[in-house]
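Geometric and topological summary
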Amino acid sequence: MMPSHRPCVGEKAGPESETERALKQEKARQSLSIFLLASVCFANRSDGCCWVGTKTRPVTSRVVSVGTMRVALRPRSGCLVLCLCLSVITLLLQSLWVPLEMTQDEAAGRFPEEQGGHSVGVNKLVLRLDTLSTQVQRLSRERQDTQLNKNALTSLLQSFRQEQQSLSKLLETELQRLSRRLDQLSSQRYRDHKAFMPTPPPGPTEKCEIPTDPAYPACADKTEFLQAHWQSDPCYAFYGVDGTTCSILTYLSQIENFCPPRPGRNHSSLPWLLKTSSNGKKARIRDSLSSLYKSLTNSSSLAIKFIRSRVERMSDRWIKAGRSMKQNGSDADSTEMKVLLYPGALAGKAGQHFEAMVERGGPLGELVQWADLSACLTILGHNLTFSSSQHQLHGLIGAAPGHGGCPIQRPLTFDLIYTDYHGLAHLHGAMGPAFNHYKCRFRILDSFGTEPAFNLASYAQSRGYKTLWGSWGLQPLQYMNMFPHTPDNSFLGFVSEEALRMEPTKDGLEPETYRKERIAVVYGKQDYMWQGKSEYVQIISEELETHGTVYQSSRQSSILPSFVKNHGLLTQEQFLKLLHRAKVFVGLGFPYEGPAPIEAIALGCVFLQPRFDPPHTSDSNNFYKGKPTTRKHPYAEQFIGEPYVLTVDTTNRTAVREAVKSILTTEVKPFTPREFTCVGMLERVHSYITHQNFCSKSVPTWPLESALMVHLGPLGESCVSVCQRSSLWCEPALFHHLNTPAAFTRLGLSCSRMVQEVNHLFPSYNPWGRLCGLQQETLLFSCAGSDPSDRRLCPCSAGQVALCPQCI
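So, here is what we can say about the structure in this document. For clarity, every value in this text was computed on a predicted model and none was experimentally measured.

This next bit is on the overall build of the chain. Regarding its fold elements, the chain presents 26 helices and 20 strands. Split into buried and exposed, the 808 residues of the chain put 49% on the buried side. Within the chain, counting contacts between residues at least 6 apart in sequence, those at least 24 apart form 72% of the total. With the model as given, the accessible surface of the chain reaches about 40400 Å², and the carbon-plus-sulfur share is 51%.

In structure tokens:
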């Protein structure tokens, strides 16, 4: 190995390496940091103990140690002066240091006269700072008592003054040079971003004026906005905007369509609006769920594991229901759709919170619905993609990098996107202006329902219906509910899971012939749900052995009454076996509803639930507050009723005892409403996919007009109630048949005045003044709306809840 050569005195040193220069810069930085931190510390502390830097040890009353450097300073004396001087130098030097990763690029792009100047300037600063540091170390060594005397401090300050003038000039020169270099780097950055533009940007000498074209009235305002805010989102630079008027006009004409096409450029459709060719394949009923298992395999998420477990457990029933539907020819005329399932509640921070609750008794109803929807779509033969990652979502929809200010890069490749309110917000934040164009393809899984009055932002704001969850301006039927809360939304539902078939008993009896035991199972998996319910549950326990399935932490004592036999959290199989033995399933009032009561009724249990007087609504209950609905009654009471469902005043001990006695003397057979069977859900989803087209501007053609039964409601009653009283179902897609003057005439109503307004109660008739009201905004056709002064014109239909016979 050749010995390292060190220049002798007077010999000119060779070119300084990048590593050497970096080390000198780091040494100078360290020197300044030592002085500054030590001075601030001692100037502000009286306990004489400080830690300074990243490699420090405790500093006893007057010593600062950093690495191998030892500086003796006297607290609260000349240190403050020293701190002030060095602070000024440090602030000036903040803009001098160049990141190490930029040094190689700078060397290649520097002018010849600058290549040596920068190194010399930095070297001078480093040498002078080294000199000051050496003086301080020398003074420290000379003082055995570790105190800085007056003469030493004076000498040190004189050295600072001697260097001040030349150092200031050198710093000024270096800052000017760095400013020029930063301008060069910024220009290079813009040139790099322009590579992403669909077409080359205008030349540097091209002058651009903002056009005044009546066909593009927002062009000037949009251009002015981007001139001021184009750096607020990296997506603008990604699409080639560099702050110049020419680049902004190119973006607004080729990406966002707010300005006319640039002169001399080929006019083409916006890249994200190009139509994608459909595969045209017919959807065929599948007899396997293997493709879905692949989508749900690559995840360690507890929620996804729950979904897959449920799909696997019910796979035979889904396949059997699909074959039955195929034999009936119900799958005809259906095109294979490319579908994205994105449960936004499982993504990001919301997903972390949801995950934490999966094994602690948290709500699983939404997961049940996602599992059943994914199985349903797979059996129906559609091309399914399942994702619970927000990052993956951006890739799937082609989002531009940034904060969502720009449209997506390409046409949306999915025919349908099923998501929830969280996912809707994620899509809005990623798609930019493309969101409104593609929102007709969204289907929102919405547990509680969104009524039309809460859905239209401007109307909700002006009429007092604005909530945290509503105001997205979708077609109300795009919201898909767990229960048929409001016919204004589409009822998606789920499937009631029957008990798994068990092995025959010793006496050869099959499980289906078991007699019910005197057992009550309480509906509530967390402690807080039981609070204030002890007396109610105790009355039930006088007649029935009472069981609970409450999550219990090992660090938390139980608050359950001693007469309750708690099993802890059970698997779904174990829970269904317990319900198979039970006579009654006891509701505590919360949860208000979920899959469990439907499954209990399907296993022959009677569901006993509390009555709320007055009914819980968004006006009277904190849980419902802010939710975009006015509904009052839970599904089980309203749609199933006795003898399967009993509703009782839990504060009336006599009423509770009578209800229990009635249950014990009544034989109730297992019952599952058709809408909660596999076949019922397959029929519904198939009909929705085949017939619901919210991207069309024409009036709905499904359901057929032949399904319409017109009813005129009494004052103050909603169309939901009007149709239900006749065992019918309000069908909002048929409202347009009633929104004409002829409809009032057919009902024998004489109108003194006909008005057309934006009002969620219209079409309706006001007998005072014989005022007939027509709906002006189709998004506000509402089955749920009611007012004491109006009689609603109601479009009713028959058949399965949310699905008439002509609709299948």
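This paragraph deals with the sheet that holds strand E5 (residues 416-419). In spatial order, the strands read E4-E3-E5-E6-E7-E8; together these six strands make up an open sheet with parallel pairing. Where the open sheet ends on each side, the last strands, each with one partner, are strand E4 (383-386) and strand E8 (490-491). Here strand E6 (residues 442-445) runs beside strand E7 (residues 479-481); their pairing, made up of two bridges, is parallel. Considered in E7, the bridge of Leu445 is made with Met480. Across the sheet, helix H15 (residues 421-431) touches strand E3 (338-342), E5, E6 and E7, and the angle it forms with E6 is around 145°.

Once that is clear, we can look at the pattern of salt bridges. All told, the structure shown has 13 salt bridges when counted by the stated rule. The network of salt bridges with shared partners includes Arg310, Arg313, Asp372, Glu497, Glu573 and Glu599.

For the rest of this paragraph, the subject is the environment of Pro271. Mapping Pro271 onto the fold places it in the loop between helix H8 (245-254) and helix H9 (290-295). Using a relative accessible area of 24% as the deciding quantity, one classes Pro271 as partly exposed. C-alpha separation for the pair Pro271 and Ile255, spaced 16 residues apart in sequence, amounts to 7.0 Å.

The subject of this paragraph is the sheet that holds strand E11 (residues 564-566). Pairing in this open sheet of six strands is parallel, and the strands run E11-E10-E9-E12-E13-E14 from one edge to the other. Only two strands of the sheet have a single neighbouring strand rather than two, namely E11 and strand E14 (645-648). Neighbour-to-neighbour, the strand axes of the sheet open up by a mean angle of 25°, direction not taken into account. Note: strand E13 (residues 606-610) against E14, four bridges, orientation parallel. Considered in E14, the bridge of Phe607 is made with Val645. Contacting strand E9 (519-523), strand E10 (545-548) and strand E12 (584-587), helix H20 (residues 572-581) runs over the sheet at an angle of about 135° to E9.

On to the packing of helix H13 (residues 365-379) against helix H24 (residues 678-691), then. Contact geometry for H13 and H24: axes closest at 10 Å, N-to-C directions at 70°. Classified by the interaxial angle, the pair formed by H13 and H24 is roughly perpendicular. Helix-helix and strand crossings are classified by hand; for H13 and H24 the assignment is right-handed. Residue-level inspection shows Asp372, Leu373, Cys376, Leu377 and Ile379 of H13 in contact with H24, the latter providing Met681, Leu682, Val685 and Ile689. Classifying every residue of the contact of H13 with H24 by side-chain character gives eight nonpolar, no polar and one charged.

Before going further, it helps to examine H20. For H20, every residue scored as buried is listed here: Phe575, Leu576, Leu578, Leu579 and His580. Against E9, E10, E12 and helix H21 (595-602) lie the buried residues of H20.

Secondary-structure assignment places Glu599 in helix H21. Judged by relative accessible area, Glu599 falls into the buried class, the value being 3%. If we skip the residues at most four places from it in the chain, Glu599 touches Arg310, Ser496, Glu497, Gln572 and Leu576.

For the rest of this paragraph, the subject is the packing of aromatic side chains. Throughout the structure, instances matching the rule amount to 23 aromatic pairs. Between Phe238 and Tyr239, the ring centres sit 5.3 Å apart and the planes meet at 75°, which makes this aromatic pair edge-to-face. On the basis of relative accessible area, Tyr239 is assigned to the buried category, the value being 6%. Look at Tyr421 and Trp469: their rings are 5.6 Å apart centre to centre, the planes differ by 55°, and that puts the pair in the tilted class. Highlighted residues: Tyr421 in helix H15 and Trp469 in the loop between helix H18 (457-463) and E7, separated in sequence by 48 residues. For Trp469, a relative accessible area of 30% puts it in the partly exposed group.

The rules behind these values
Residues numbered from 1 in each chain as written. Predicted model: local features only at pLDDT ≥ 70, side-chain atom pairs only at ≥ 80, totals over all residues. Heavy atoms only, no water. Helix = DSSP H or I, 4+ residues; strand = E, 2+ residues; numbered from the N terminus. Buried < 20%, exposed > 50% of the residue type's maximum accessible area, 1.4 Å probe, protein only. Contact = heavy atoms within 4.5 Å. Areas by Shrake-Rupley, 256 points an atom, 1.4 Å probe, with all protein chains shown as cover. Pairing = 2+ DSSP bridges. Axes fitted to C-alpha atoms, helices over the stretch in contact; angles between N-to-C directions. Salt bridge = Lys/Arg side-chain N within 4 Å of Asp/Glu carboxyl O. Parallel < 35°, antiparallel > 145°, perpendicular 65-115°, else oblique. Left-handed = near helix turned anticlockwise from the far one by under 90°. Nonpolar A, V, L, I, M, F, W, Y, C, P; charged D, E, K, R; others polar. Phe/Tyr/Trp six-rings, centres within 6.5 Å; stacked < 30°, edge-to-face > 60°.

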